Amino acid sequence: MAALKVVRSGSRLLNGFQSLLNNPRKVTCGVAATVTKHPRWYCVSHLSVQERIERKRKAALSGGGQQRIEAQHRRGKLTARERVELLLDPDSFVEYDMFVEHRCSDFGMEADHNKYPGDSVVTGQGRINGRLVYVFSQVKDFTVFGGSLSGAHAQKICKIMDQAMMVGAPVIGLNDSGGARIQEGVESLAGYADIFLRNVMASGVIPQISLIMGPCAGGAVYSPALTDFTFMVKDTSYLFITGPDVVKSVTNEDVTQEELGGAKTHTAVSGVAHKAFENDIDALLNLREFFNFLPLSNKDSAPITECHDPSDRLVPGLDTVVPLETTKAYDMLDIIHGIADEREFFEIMPNYAKNIVVGFARMNGRTVGIVGNQPKVASGCLDINSSVKGARFVRFCDAFNIPIITFVDVPGFLPGTAQEYGGIIRHGAKLLFAFAEATVPKITVITRKAYGGAYDVMSSKHLRGDVNYAWPSAEVAVMGAKGAVQIIFRGKENQAEAEAEYVEKFANPFPAAVRGFVDDIIQPSMTRKRICRDLEVLASKKQANPWKKHANIPL
Amino acid sequence: MSPLRSSPVFRSASGSRGGQSHCLWTQSPLTRAFVSPSLRLVHVKMADEAVCVGPAPTNKSYLNMDAILEAARQTGAQAVHPGYGFLSENKEFARRLAAHGVTFIGPDTHAIQAMGDKIESKLIAKKAKVNTIPGFDGVVKDAEEAVRIAGEIGYPVMIKASAGGGGKGMRIAWNDEETREGFRFSSQEAASSFGDDRLLIEKFIDNPRHIEIQVLADKHGNALWLNERECSIQRRNQKVVEEAPSTFLDPETRCAMGEQAVSLAKAVQYSSAGTVEFLVDSKKNFYFLEMNTRLQVEHPITECITGLDLVQQMIRVAKGYPLQHRQADIPINGWAIESRVYAEDPYKSFGLPSIGRLSQYQEPVNIPAVRVDSGIQEGSDISIYYDPMISKLVTYGSTRAEALQRMEEALDNYVIRGVTHNIPLLREIITHPRFVSGDISTKFLQEVYPEGFKGHQLSDSERWELLATAVALFVAAQLRSQRFLGNLSDELETCSHVCLPGNSLVCRFLQVDLDGKRVDVSSEWNLASALLPVTVNGTQRTVQCLSRSASGEIDLQYLGTSYKLRVLSKLAAALNKHMPEKVPEDTSSILRSPMPGSVVAVSVKAGDTVAEGQEICVIEAMKMQNSMTAAKTAKVKSVHCNAGDTVGEGDLLVELE
């Protein structure tokens, strides 16, 4: 029942669709059979060359052969080519380097039966919803050396990365590799380094996305780590520096692959991965959706899709979302869903440092990055993990011209030895740094508490916030009433009275509003309307930081 | 604003969350009592003046007479309308108001007392020549006495709270064992709901209809009957769908019931609006059940067919005016139906309470002849403190068919997101052939759904329709996600496949080919709207898209019931068979709370051996006690709750080995 054929009526649509199919962009660089033998061989071998081309092409397309494909399917995984096909628009994939073979001549590797056209990776470019993207997909089936990385494999990846940088289009890596090709020795290591360098050079120029769809161990992990987003597939993907066997022999720890580097570990504990999906299909389809949020490069503005949600829609539910008791929690996601187009929010790292919420949404069709303190978890305080999570997200948005909307309800930084010893000062500074250096449109809404240094950090006016709003429930102060009164009126009687006075003075948006630190106090139900209007205005915002080689963020 | 003019405002709000509020009439403006969590509810906002009477738990607020009297004093209220539920039938409250010189908008204390006590009311009814049910006219002391009396009357018997109403503290017993258990539950529930654990027992009339007569009486000895309301569709003795008039009554029976109701009202010198409830058997014999000395939840349907504003009439009577109408003036104009929209999961015993935040809420008030009485709005929290009623949805038509048709449309256009609701059940009831033909009884739900409610069962053509709608929606969304606007890089703008908004309408008509079957689907495909009007093969429907995911999962509310569908491209569908099935958690030895509530009692401890069906603990939610039983015979591994704990839906209570 799942396979349903859809026939569209309406000729214009059909035309549009057909033209999509019939107009895969022609490539300049691609498959070209070059003949290097002596000219007099040429005529004789012409037919046989044609034949060889066909044979090699067939071999490349079949990967490890039907048996290997079935084995891959039995493991609940798709083949490298199936993945590419599913990720890209139908018939849009243009493959590069199908004829590349490895050049290793040790350990009998030079034998013909040990060479596979295309080696252990499929590379090329194609389209996602009509927009250009470069892709590589590693072939981890056991014929092509377990998808291990040879010099040729690395070279293929480098080629598409170089071109992606030149034309300004994102790179998506589908990682599923057994690691370095040991037979090639240092050549394989050099290959990794070539990729790492390109990852670094491309960082902030084009979006780079890694989807881990199988094992990814040793040096290989650093390529995903350098990219902007790392997604994983539950139960079938692993990321670790050294596997359970080595761990056992070195530290005597008993740990499974899943515990050491599975999707759950990296999305909830280590924060290495940004999100995990149920299976290959779920992951690839979600990646298509995610791709729609991203600009193609740092020269491109945030994409705008067709939007059916009125930009001036009032959200009455927001008027009651913040509880009357200041100590009571609420769900920041209620606010985010309320204001976003069609209540859609692509959350990044939903299971890690849950006291801050980050992710992508659209406002009147335009991609925005949303950062919000989450009062439901640890009162929404800032700690080491949430600061780092927030900072990285803010820097991505800033690098790729995505406006940032910040919802503030923060009681401050989390106190304690664990945090201080862990370096909350240094890590907290990252978030401060990220917000301060960002030059994209920045809109801030204080929904309730904005206390202490955390107020400054959360995209305050002082850090060049373009539009800063407060809801009537906002309280901007150095600290909460109780703590403040204990300091100001230390040892005095009538603490309760003093507290009431403090609340009267500071537990409202006026102290910030009279100083112009918030631009307006708005009714919560109006928030969507106001932000959409501001984004329209700020679309032409131009702001630059002083020239520098690069800033020195406190890493 | 005069009190009279403000009454419709009050009335429409009186449905607010099960009538939890009291209205106070001051010199002129409308004042309303409320509890702190409901500060931002609609009825409070609509009032001219509002007074907080306490925190959420009802015994500290709406049941707290001191607080309400104080509120009346503070605001200088001249009269108090008690709404329904809570103190609306509390004679002590009426007496204390009178002592403070504040008018209680309702009957005299004498009538409340007489009718509020089921034992006394039955004696009075007998005396007034009203047909009554055979039973024991006295308070039952303990479970053993209950068993003895039940034996005398003959099973089945009904055990109910003397002070009760609304199905609370009521149990049916078919044997001695059930009588003992019923006695225990009813007395506990009666104590917690009414602060009075006295019980009585009577003959239970099998397969009856519940038909009630609305009466209206003044302080000058005049009384009228305003026709009947049929409230047979019930679950756990609580009404779900009501209609006026009843399909079952002929004019003679109606008249006989009306006259008996009026004679009972006169026998207790009743004034104000009241309801005399009857059970009617298949031979149209009717028996007096009880008299409710307040405005009923379902009063709007009577207003619809008679044209009388009951709240206005109550205020007039309270002020001492004589009735404006005579019996001959009371018409039956058309037909009215009321559905009680609850925040409940209808798939669990026809409705177990659910809580949550109404993330989206849209009443179908744009449809003509639809009235929605509610006290909530988008963003409101449905909490565990009150009855889980969201609203009363009333539709009117010149004929029953028309009213039903409108109800169907209204239910399809009712947007409730964030809490589980009973619209699937309501829509099934009102379209069920037995209901449509009028063949109903209080056993309707058990008889029609003996295995429990399972949602709408799709016919073949409905199945095609649903699939085609989902596929068309998927395609519309896919096509839209290819449309980018604004300044993309130059090369893209020249690409022919980037459609601009002018082309949007092109995909309005989609033709879906389902295994060779052609289905035409058309819609505006407004993907942001909660309601999705579609025309499928010429049939117009409103479906609701509850959720849509990138991986093709689509949740559609279609014919009231929500269906989970998955639409994949051909390629993805072909590959999907390779994806591993994920095994869900084994739940046979785990007892989880089926709803949010509080733990009243835990009957086992770790190490005990429990038999299948044995009670493990009791959860109270929305004032209903629910016995949680063991699914198998096993040893108790661990107990994760204590009496008095508050638990959420799905919380682990007890683990078995």
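Residues numbered from 1 in each chain as written. Chains lettered and ligands numbered in written order. Predicted model: local features only at pLDDT ≥ 70, side-chain atom pairs only at ≥ 80, totals over all residues. Heavy atoms only, no water.

- By the naming in an unreviewed UniProt entry, chain B goes by Propionyl-CoA carboxylase alpha chain, mitochondrial and is assigned to Scleropages formosus.
- You can read under Pathway (unreviewed entry) in the UniProt record for chain B the words "Metabolic intermediate metabolism; propanoyl-CoA degradation; succinyl-CoA from propanoyl-CoA: step 1/3." (UniProt positions renumbered as here; feature names shortened; annotations may be inferred.)

- As annotated in an unreviewed UniProt entry, chain A carries the name Propionyl-CoA carboxylase beta chain, mitochondrial and comes from Scleropages formosus.
- Quoted verbatim from the Sequence similarities (unreviewed entry) field of UniProt, the annotation for chain A is "Belongs to the AccD/PCCB family."
- We quote the UniProt Subunit (unreviewed entry) comment for chain A here in full: "The holoenzyme is a dodecamer composed of 6 PCCA/alpha subunits and 6 PCCB/beta subunits."

1. Structural notes on the sheet that holds strand β8 (residues 199–203) of chain B
All names here are of chain B.
Phase 1 of the analysis: Read across the open sheet, the three strands follow the order β7-β6-β8; overall the sheet is antiparallel. In the strand order of this sheet, the two ends are held by β7 (170–173) and β8, each with one partner. Adjacent strand axes in the sheet meet at a mean angle of 20°, parallel and antiparallel pairs treated alike.
Phase 2 of the analysis: Summarising the sheet, strand β6 (residues 157–161) and β7 pair through four bridges and their orientation is antiparallel. Each bridged residue has a counterpart across the sheet, and for V157 the counterpart in β7 is A173. (Pairing = 2+ DSSP bridges. Helix = DSSP H or I, 4+ residues; strand = E, 2+ residues; numbered from the N terminus. Axes fitted to C-alpha atoms, helices over the stretch in contact; angles between N-to-C directions.)

2. Some thoughts on the pattern of salt bridges
Residue and element names in this part refer to chain B.
Phase 1 of the analysis: Enumeration over the complete set of coordinates arrives at 62 salt bridges over all chains.
Phase 2 of the analysis: Across the pair R434 and E447 runs a salt bridge whose closest N-O atoms are separated by 3.1 Å. Of the two residues, R434 is situated in helix α14 (residues 433–437) and E447 in helix α15 (residues 444–448); the sequence distance between them amounts to 13 residues.
Phase 3 of the analysis: R434 gets classed as partly exposed once you look at its relative accessible area, which sits at 22%.
Phase 4 of the analysis: For E447, a relative accessible area of 36% gives the class partly exposed.
Phase 5 of the analysis: We note a salt bridge from K564 to D555, for which the minimum N-O separation is 3.4 Å.
Phase 6 of the analysis: Taking the relative accessible area as the measure of exposure, K564 reaches 72% and is therefore exposed.
Phase 7 of the analysis: Several salt bridges converge on common partners, so that one network encompasses E212, R229, K239, E242, E277, E298, E338 and R340. (Salt bridge = Lys/Arg side-chain N within 4 Å of Asp/Glu carboxyl O. Buried < 20%, exposed > 50% of the residue type's maximum accessible area, 1.4 Å probe, protein only.)

3. Some details on the packing of aromatic side chains
Phase 1 of the analysis: Tallied over the full model, the rule gives 25 aromatic pairs over all chains.
Phase 2 of the analysis: Ring geometry for Y192(A) against F196(A): centres 6.0 Å apart, planes inclined by 20°, an arrangement best described as stacked. Separated by four residues within a single helix, Y192(A) and F196(A) lie in helix α6 (residues 186–202), roughly one turn from each other.
Phase 3 of the analysis: Among the aromatic residues, those joined into a ring-pair cluster are F229(A), F231(A), F277(A), F290(A), F293(A), F346(A), F360(A), F393(A), F396(A) and F400(A).
Phase 4 of the analysis: A cation over a ring is seen here: R131(A) above F484(B), with NZ or CZ 4.7 Å from the ring centre.
Phase 5 of the analysis: One residue, K284(B), lies across the ring of F248(B), its end atom 4.7 Å from the ring centre. (Phe/Tyr/Trp six-rings, centres within 6.5 Å; stacked < 30°, edge-to-face > 60°. Lys NZ or Arg CZ within 6 Å of the ring centre and 35° of its normal.)

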